[in-house]
Amino acid sequence: MQFETFRGRNVEEALAAVKAALGADALIDSTRHVSNGGHGWLGKAFVEVTAAPSERGMQGRPNPFSRQVPSESPLRRPSDEPLQSLRELSLIASAAEGAIKGRRPDGGINRELRAIRSLLEEMSHGRRPKERAGAILQGVGIEGSLSFTLANGASRVSRSEPHALQVFLRRRLAERLEIMPSPIERPGPRLIACIGPTGVGKTTTLAKLAARAHLELGRTVSVITLDTFRVGAVEQMRRFVELIGVPLDVARDRASFGQAIAQRRADITLVDTAGVCTADNAGMQRLAECLGSATDRAVDVLLVVQASVRARDVERLRTVYRDPRPSGLVITKLDETDQAGGATHAAIDSEPLPVAYLCDGPRVPEDIHDATVDMLLDAVLPLAT
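Because the structure is predicted, anything quoted here is derived from the model rather than measured.

Visitor: Would you mind going over the overall build of the protein chain with me for this structure?
Guide: For the protein chain, the helix and strand inventory stands at 14 helices and twelve strands. In the protein chain, 76% of the contacts between residues at least 6 apart in sequence involve partners at least 24 apart. Summing over all exposed atoms, the protein chain offers an accessible surface of approximately 18,700 Å²; the carbon and sulfur share of this is 51%.

Visitor: Looking at this model, I keep getting lost on the side chain of arginine 212. Mind explaining?
Guide: Structurally, arginine 212 is set in helix α8 (residues 202–216). A polar contact of 3.3 Å, which involves the side chain of arginine 212, links it to the side chain of glutamate 185. A polar side-chain atom of arginine 212 sits 3.0 Å from a polar atom in the side chain of aspartate 370. Dropping the residues within four chain positions of it, arginine 212 is found in contact with Ile184, Glu185, Leu217, Tyr357, Pro365, Ile368, His369 and Asp370.

Visitor: Which parts of the structure should I look at to understand the environment of threonine 337?
Guide: Position of threonine 337 among the secondary structure elements: in the loop between β10 (328–332) and α13 (341–348). For threonine 337 and alanine 379, which are 42 residues apart along the polypeptide, the C-alpha to C-alpha distance reads 9.6 Å. Among the polar contacts listed, one links the side chain of threonine 337 to the backbone nitrogen of glutamine 339, at a separation of 3.0 Å.

Visitor: When you look at the side chain of arginine 170 in this model, what are you seeing that I'm missing?
Guide: Relative to the assigned elements, arginine 170 resides in helix α7 (residues 164–176). At 3.2 Å, the side chain of arginine 170 forms a polar contact with the side chain of aspartate 378. Beyond its immediate sequence surroundings of up to four residues, arginine 170 is in contact with Leu377, Asp378, Leu381, Pro382 and Leu383.

Reading the values: rules and limits
Residues numbered from 1 in each chain as written. Predicted model: local features only at pLDDT ≥ 70, side-chain atom pairs only at ≥ 80, totals over all residues. Heavy atoms only, no water. Helix = DSSP H or I, 4+ residues; strand = E, 2+ residues; numbered from the N terminus. Contact = heavy atoms within 4.5 Å. Areas by Shrake-Rupley, 256 points an atom, 1.4 Å probe, with all protein chains shown as cover. Polar contact = N/O pair within 3.5 Å; in protein donor to acceptor, adjacent residues only side chain to side chain.

This is the structure we're talking about:
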């Protein structure tokens, strides 16, 4: 049996190429996601499918590059488990497309496609379970030593159950995840600051928290913005707080920051911060000094990362924002990616952070949720149905 490799921008395109070349009854050996490791418009990713024609399709299709193999000594794959036919995979993809139509873009599309991809990886029977587990983790963005650690023990997973590896990996991930109780629901006066790079959704997250604390929980809320550098940042936050009905103060240094806290004396003080680049030591020092001046209340510093962040970028962010020391994690833009595993590196790597909130859209305050282990698992490693 002669295997060939086909590529496409997604699973559907790669399978279409297989079908065009080998027919609808082609046999799928393996499916994997390949990336050049680039970022932004430099990043390129595609799906690679290894397939062979079925016995029916091979009739009358000799291979000009290999000798005829005697019928009494047929080629065999390392595994005795059957290959999945392209026709069955096409049915899976078609079912997903049918379920997607008419649905609000709430992340359901991404979760279903990600589940199909994981299942295709798991059906690569010719590979050892640990290798297949590693491929599944790499496909969702969990990389490096963390991927290796989570895949440990996969060799004991049953090969007869189609979702066994996914169930095993979800359990391994759940064992290491920690959840942070919602800070806005804790008693007593609290200061909650959102820190993180530009563009991850800190301001929108603060607005969601302000609306929930004030409108749903009935707590007094004030907002302080330290983001006086980004063009339009103060105006954006001002529009949010006017709609919610809470006061806004602009602070530029430790003195004005302390004055705003003392003047408002709110149950919940929310602090919006500017994105800080690696070389901006002065900005980090100013932020740490301001937050350190809040001595009359408990302080929660939430590191905000978008779901599509790469694992290596998470490591850099943890270094940049090590002071002030984050106490929890917010994962945003879950509706914009189907590879949310990179963000989990901040939650379960060498210095784990408990996850406080998950955000899956721009609506205030509907699209923010108290994090749970099950919600995280469904976002990162959904079970194919």
